Every structure is written in structure tokens, then in C-alpha cells.
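Each chain is listed here by its residues.
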Amino acid sequence: MSDPVHIDPDCELCEAAEITPWHHEDDLCWIADCEVCRVPMVVWKRHGPEPPDDERAHMLEQLHRVGVSTFGEDGFSLDAVMRQIPDHFHAHARDPNWWFRRFSR
């Protein structure tokens, strides 16, 4: 994980528990299926809501790559609205059926 100064021990995203399938990891971020909505989600390895522009671009590029691999070129959209965890940057690659799948478990 990144600089420990930028990790919140009480943050679920900082914990980075491998609960669901992982698709990517590098020094900046990791991508795994979101345990709530079951779509690929990129998570910044540093705790905070606003990564520098170049790091944000890198993370969204990696998420786009995984989204294409998972749903096809036009089968998803990127959603960087941080609803449930607003203080730690993350974004989702959402297909049109993600909401229905969330409740069909």
C-alpha cells in the first residue's frame, strides 16, 4: 500500500480486503468488483477524496480498460460519484444492469 501517512485505519477502502475478484493492482490503485454493486471499482491507495489530476487520469484509464474487458467497448459508463464513502477516491465501471443485479443476489 502507499504512504502509510495517507491511510485511515478505519476506512474500508484503505483496508483493501480481497473479498471480491480483483482485476488490477499497481503502485497507485487497485481494481476489484465492488461488494455492494458487483461492478469493477478502482480505488486510490491513498486515503483522500481528490487525487492529483495525473493520478486520477491513470486510475480512470485502468478502470476503463477493465470495463472494456468486462462489459465490452460500449457496455458501461464510468461513475466517479462517491456516494457511500465520500472521503476516499473511488469510481465504478457501471453496466446498464448493475442496479438490478445488486438486488438479485
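See above for the structure.
This is a predicted model, so every value here is computed, not measured.

Brief notes about unusual backbone geometry
For step 1, the next point in the chain: Despite not being glycine, Ala-16 has its phi angle at roughly 55 degrees, a positive value.
For step 2, the next point in the chain: On the secondary structure map, Ala-16 appears in the loop between α1 (12-15) and β1 (22-25).
For step 3, the next point in the chain: Phi is positive for Arg-38, close to 60 degrees, though the residue is something other than glycine.
For step 4, the next point in the chain: Inspection of the secondary structure assignment puts Arg-38 in the loop between β2 (29-33) and β3 (40-44).

Some words on helix α2 (residues 53-71)
For step 1, the next point in the chain: Helix length check: α2 (19 residues) gives 26 Å between terminal C-alpha atoms against 27 Å at 1.5 Å per residue, within 8%.
For step 2, the next point in the chain: Three or more residues of α2 are buried, namely Glu-55, Met-59, Leu-60, Gln-62, Leu-63, Val-66 and Gly-67. Considered in projection along α2, the buried side chains sweep an arc of 160 degrees and stay on one side of the axis. Summarising the geometry of α2, the exposed residues directed more than 90 degrees from the buried face are Asp-53, Asp-54, Glu-61 and Ser-69.
For step 3, the next point in the chain: Its buried side turned inward, α2 meets β1, β2, β3, β4 (77-79) and β5 (90-94).

Remarks on the pairing of β1
For step 1, the next point in the chain: Where β1 meets β2, 3 bridges bridge the pair, whose relative direction is antiparallel. Across the sheet, the residue bridging to Trp-22 is Ala-32, located in β2.
For step 2, the next point in the chain: Counted between consecutive antiparallel strands, the loop separating β1 from β2 contains 3 residues.

Some thoughts on the environment of Ala-80
For step 1, the next point in the chain: Here Ala-80 is to be found in the loop between β4 and β5.
For step 2, the next point in the chain: The exposure class assigned to Ala-80 is partly exposed, which follows from its relative accessible area of 28%.
For step 3, the next point in the chain: For the pair Ala-80 and Ala-91, spaced 11 residues apart in sequence, the C-alpha to C-alpha distance is 4.1 Å.

Thoughts on the layout of surface pockets
For step 1, the next point in the chain: Counted as a void, the largest pocket has a volume near 460 Å³.
For step 2, the next point in the chain: In terms of lining, the largest pocket is formed by 27 residues, of which the most central are Cys-34, Val-36, Met-41, Ile-85 and His-92.
For step 3, the next point in the chain: Counting only elements with at least two residues in the lining of the largest pocket, the list comes to α1, β2, β5 and α3 (98-102).
For step 4, the next point in the chain: Counted by class, the lining of the largest pocket contains 16 nonpolar, 4 polar and 7 charged residues.

Re the nonpolar core
For step 1, the next point in the chain: Within the largest apolar cluster, 14 residues are counted, with the highest numbers of intra-cluster contacts made by Ile-31, Val-42, Trp-44, Met-59, Leu-63, Phe-89 and Ala-91.
For step 2, the next point in the chain: One finds Cys-11, Ala-32, Val-39 and Val-43 within the second-largest nonpolar core, a separate group that totals 13 residues.

Basis of the calculations
Residues numbered from 1 in each chain as written. Predicted model: local features only at pLDDT ≥ 70, side-chain atom pairs only at ≥ 80, totals over all residues. Heavy atoms only, no water. Helix = DSSP H or I, 4+ residues; strand = E, 2+ residues; numbered from the N terminus. Expected span 1.5 Å × (residues − 1). Buried < 20%, exposed > 50% of the residue type's maximum accessible area, 1.4 Å probe, protein only. Arc of directions from axis to C-beta. Contact = heavy atoms within 4.5 Å. Pairing = 2+ DSSP bridges. 1 Å grid on protein atoms, 1.4 Å probe; cavity = no way out; pocket = protein on both sides within 12 Å on 5 of 7 lines; lining within 4 Å. Points joined across faces, edges and corners; volume = space filled by probe spheres on them. Nonpolar A, V, L, I, M, F, W, Y, C, P; charged D, E, K, R; others polar. Core = buried A, V, L, I, M, F, W, Y, C linked by side-chain atoms within 4.5 Å.

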